[in-house]
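Listed below, chain by chain, are the residues.
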Amino acid sequence: MKIETKFLYSSVLIIGVIIGSFGGITFLGKHLEERFDERDDITDEGLEIVAELGITVRDEASALKNYVLLNGDNESFSRFESNKSVVLTNLDKLANILGDPEDLNKIQTLHRQLLNLENGLKPEAVDIAGIKEELRLIDAYSREIIDALELIANDLSEQEEKNDAYLDNLLFWLVIARYSSVIIAVVVVLIQFRTTFVPITLSIKQLKAGVREMGSGQLDKQLKIETNDEIEELAHEFNTMADQLKASYSSLEQKVTERTTELTQANTQLNDALAQLKKAQGQLVQNEKMSSLGQLVAGVAHEINNPVNFIFGNLTHTTNYINDLLRVINCYERHYAQPHNEITELYEALEVDFLKQDLTDALNSMKLGANRIREVITSLRTFSRLDEAELKESNVHDGIDSTLMILKSRLTAQAKRPEIHIHKHYSAFSPFYCYPGQLNQVFMNILVNAIDALDADYAAQAAHHNTDLSLDIFIQTQVISKAAVCSATRLQMNDMLPMEAENWLEITIADNGPGIEQSVLSQLFDPFFTTKPIGKGTGLGLSISYQVVVDRHGGDLQCDSVLGQGTRFIITLPMLHKSPNSKPITTDSSVRAR
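Attention in this report is confined to the structure presented alongside it. The numbering scheme is per chain: residues are counted from 1 as the chain's sequence reads. In keeping with the model being predicted, local features are shown solely for residues with a pLDDT of at least 70 and side-chain atom pairs are shown and tallied solely at 80 or more, while totals for entire chains, interfaces and linings include all residues. To get the side-chain values, take all heavy atoms of the structure and skip hydrogens and water.

Below, the discussion takes up the packing of aromatic side chains. Here is the rule: rings of Phe, Tyr and Trp (six-membered ring for Trp) pair when centre to centre is within 6.5 Å. Planes less than 30 degrees apart are stacked, more than 60 are edge-to-face, and the remainder are tilted. Summed over the entire model, instances satisfying the criterion amount to one aromatic pair. Here, a charge over a ring means that NZ of Lys or CZ of Arg falls within 6 Å of the ring centre while also lying within 35 degrees of the ring normal. The cationic tip of R552 hangs over the ring face of Y435; the distance from NZ or CZ to the ring centre is 4.3 Å.

Here we come to the environment of L325. Helix numbers and strand numbers start at the N terminus; a helix is a DSSP run of H or I with at least 4 residues, a strand a run of E with at least 2. Within the element layout of this structure, L325 appears in helix α5 (residues 230–335). Sequence separation between L325 and K356 is 31 residues, and the spatial gap between their C-alpha atoms is 9.9 Å.

Before going further, it helps to spend a moment on the pairing of strand β6 (residues 556–562). Exposure classes here rest on a 1.4 Å probe applied to the protein chains alone. A residue is buried below 20% of its type maximum, exposed above 50%, and partly exposed in between. Among the seven residues that make up β6, five are buried, leaving the element largely enclosed by the rest of the structure. Here β6 pairs with strand β7 (residues 566–574) via seven bridges, running antiparallel. In the sheet register, D556 faces β7, and the bridge partner there is T572. What sits between the antiparallel neighbours β6 and β7 is a turn of three residues, in which G564 has the positive phi angle 85 degrees. Being paired, for any two strands, means DSSP has found at least two bridges between them.

By convention a nonpolar core is built from buried Ala, Val, Leu, Ile, Met, Phe, Trp, Tyr and Cys residues, the set being connected through side-chain atoms within 4.5 Å. Counting residues in each nonpolar core, the largest one holds 43 residues, and the members touching the most others are I473, I507, L524 and I571. Tallying contributions element by element places helix α10 (residues 436–463) first for this core, with ten residues. In this description, contact between two residues means that some pair of their heavy atoms is separated by no more than 4.5 Å. Among all residues touching I473, those that are not within four sequence positions of it are I420, H421, I422, H423, L447, A450, I451, L454, I509, A510 and D511. Residues V87, L149, I152 and L156 belong to the second largest nonpolar core, which totals 28 residues.

Take the residue count of a helix, subtract one, and multiply by 1.5 Å to get its expected span. Helix length check: helix α2 (residues 74–98), at 25 residues, gives a terminal C-alpha distance of 36 Å against a target of 36 Å (1.5 Å per residue), a fit within 8%. Among the residues of α2, those classed as buried are S76, F80, N83, K84, V87, N90, L91 and L94.

Keep in mind these numbers describe shape, not what the thing actually does.
Dropping the structure here:
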């Protein structure tokens, strides 16, 4: 039998048991509740009629007594007739509900006697004894009717209580039957599980174990499953597959060995190509970014420079005008010591003495602000030469200073750390040919990394309540000879050095931060390598800086670091004092020792 047929029969049986038991019990329970609800409605209606009859009979007897006492009063007679009609109607309704019981017959008999008594009354006769007798009979008949009604009400109430108790008992047994059907359904499910699902599960486990053993290399594994279904067929196919795999394994192993050798060689070539591609990709991305940034910064500096020149040029004239006005006011005060009261009040209200002093201070502040904007614009113009592709005679100190000016907002004191101090020690030398825009980017990358390292170190120290720290960056330049460069063993191959450069410039940028681990230091200049969180570093900054210094300028870039003491970058550049006629200096960085 197929597995799907087994599952179909099991499902149909279980669903049939559940639906049949629950559906039948639920239908029977609803039917019984409806029947007993109808009985309760009839009983409630009878009780309401009995209650209304008690009230009406009392009103009827009261009207009849008033008719006797008031010597045939028409209003009392009308009330009596009205109540009589209501009583007769309710007695008929009660007869339909009760089916002519003995108490109802008694009430009807007593009510007819009460009506006959009304027919024999003689209100015009003045007979005290007769009137008393008539009133006594009226009270007696009405009292007996009311007592009989109370008996009927008690019977109805008892019947309603019996019906409710009987219904509760039936519902209780229906609940028992419902839970019994659940137990029966569970028993059926367990039987089906034992006879259908357990064999299938055991077969699947055996098949799974065989697959695992085959995966571990045991190709001699054979399965013995007899379930007369698809799993048995699958086990047979598994055994066939194992035989085929065993036959083809030997030849495949030899082919894999040969292919592995080929792939190893191809992988080596791909790794070399990938390294070159990463290097070129990083250079292209950085060049495009720096070109766009240079155009943007240059445009912003130009646009800001015009209004700043306008402001700065007018500040001189404004200062002269205000000084002239102040001299007029001082002259007026000397010659008119007693001015008009209105002038005196206005003089005091405007605080002229304070205005004269503060106005001068405000003008001085405006001059300082305008000078500050000019300095920023000059730094932006210097730094914006990022996309220049030709060698130019330039002063490296200007590039360093412009970079520090742009980073000034990061160097000043922040909410979470104190100011970072810059210590500059420049040597005197004349400008030489280089790529100033690209060198500015090198300075920017190294300084930004130093600032980030100091920020992180101060935050870590502050977490341990150690805030008595001095954050420092040291920048030093010095001119060294070609012989000193060679002896420093940083540039191992003398034929790779630019022969025109007799003197070299050594630029050292150091910080007193946390330092760099040796495992990280060996990968520092690799493309796309970064220790910063995702989104804060691309891993291209130092790689591009290395290419700019080594490949573009024929120089050297090294990094020394000691954990807990700080990090130092050393840039070595050839000082060319004449523009080379040949194409720009380029060297193969792969032959240089990093």
